[in-house]
Amino acid sequence: MPPTLFLLKKILSALILPPTSLILLAFVGLWLTRKHRKTGKALSALALTTLLVLSLPITGNALLHSLETAPPITEAQLKEVQAIVILGGGKNNNAHEYGGADTINKWTLERLRYGARLQQQTGKPILVTGGAPYGGRPEADAMAEALKHDFHAKTIWVEDQSNVTAENAVYSAKMLKQHGVTQIALVSQAWHLPRAKILFEQQGLDITLAPTGFTTGEANPIAQWVPDANALTKSSMAIKEYLGALTAK
């Protein structure tokens, strides 16, 4: 995907997903109050109430948890796969503590940690996938470096041309088939895997899901009713995954 198209997709996604979409809806309601007072007030109230509900931890956790349909991978399943594929989850640009180099973010780190653990159990090769839509260092390169230096992983294949999950599937499948691999364990956050599974199966691969980063609730039951930005992020990610799954089919 060209950088310009990738950026446009990001902008469109931001406009569709909360909080931007709900804030814009609230402003539309305020504008309508000039001529349609009741309708405008109702629209603004609906937008702000929805924003509040999506900001509750109980909502964000429930929405993400509803996507986590795959159980942890078993030892028996691991024996059947030929390779472990780890999807990139983003990177931190110009990380000061790493000499200004681009490195992996927390989502990707969580995936790498689990993928490395699976390799230690099986000895199977790992493929990391992720490009650089805005230029700079490809995400897969940063992933491979972390696997080698931080987790002492072996046999790492790098796919660094893809920018979105659909491209992860296309380019990864091509590389895997060059190595004679058609059966893989697919590693990502548990809530991301339903959509990813569809896309990888469309490339003729036999997929066994290896979810990590399962959603957990608040330790204090009262805290789940206190709005916070992290809960809104979870709600937004869940809505994005549901919309993505609809377009992937």
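Residues numbered from 1 in each chain as written. Predicted model: local features only at pLDDT ≥ 70, side-chain atom pairs only at ≥ 80, totals over all residues. Heavy atoms only, no water.

In this model helix H8 (residues 165–178) runs 20 Å from its N-terminal to its C-terminal C-alpha over 14 residues, within 8% of the 20 Å that 1.5 Å per residue would give. Every buried residue of H8 is accounted for by Thr165, Glu167, Asn168, Ala169, Ser172, Ala173 and Leu176. Buried residues in H8 make contact with strand S1 (83–87), strand S4 (126–129), strand S5 (156–159), strand S6 (183–189) and helix H9 (193–201). At the C-terminal side of H8, Gly180 shows a positive phi close to 75°. (Helix = DSSP H or I, 4+ residues; strand = E, 2+ residues; numbered from the N terminus. Expected span 1.5 Å × (residues − 1). Buried < 20%, exposed > 50% of the residue type's maximum accessible area, 1.4 Å probe, protein only. Contact = heavy atoms within 4.5 Å.)

Once that is clear, we can look at the nonpolar core. Of all hydrophobic cores here, the largest spans 24 residues; its most connected members are Ile86, Leu112, Leu118, Val128 and Leu147. Those elements that provide at least two residues to this core are S1, helix H6 (106–122), S4, helix H7 (139–151) and S6. Broken down by element, the residue count for this core peaks at 7 residues, all from H7. Among residues more than four places away in sequence, those in contact with Leu147 are Ile86, Leu112, Ala116, Ile126, Val128, His152, Ala153 and Ile156. (Core = buried A, V, L, I, M, F, W, Y, C linked by side-chain atoms within 4.5 Å.)

Burial analysis of S1 places 5 of its 5 residues in the buried class, which makes it a mostly covered element. Here S1 shows no split at all, with Ala83, Val85 and Leu87 on one side and Ile84 and Ile86 on the other all buried. By the bridge criterion, 4 bridges tie S1 to S6 in an arrangement that is parallel. Looking across to S6, one finds that Ala83 is bridged to Ile184. (Pairing = 2+ DSSP bridges.)

A word on a nonpolar patch on the surface. Residues Leu5, Leu7, Leu8, Ile11, Leu12, Leu15, Ile16, Leu24, Tyr134, Leu243 and Leu246 make up a contiguous nonpolar surface patch of about 1,100 Å² in total accessible area. Listing elements by their share of the nonpolar patch, those giving two or more residues are helix H1 (3–16) and helix H10 (229–248). The leading source of residues in the nonpolar patch is H1, at 7 residues. If you trace the backbone, Ile16 turns up in helix H1. (Patch = residues over 30% accessible without salt bridge, like charges linked within 9 Å, V, L, I, M, F, W, Y side chains within 5 Å. Areas by Shrake-Rupley, 256 points an atom, 1.4 Å probe, with all protein chains shown as cover. Salt bridge = Lys/Arg side-chain N within 4 Å of Asp/Glu carboxyl O.)

Remember, this is a structural readout, not a statement about activity or role.
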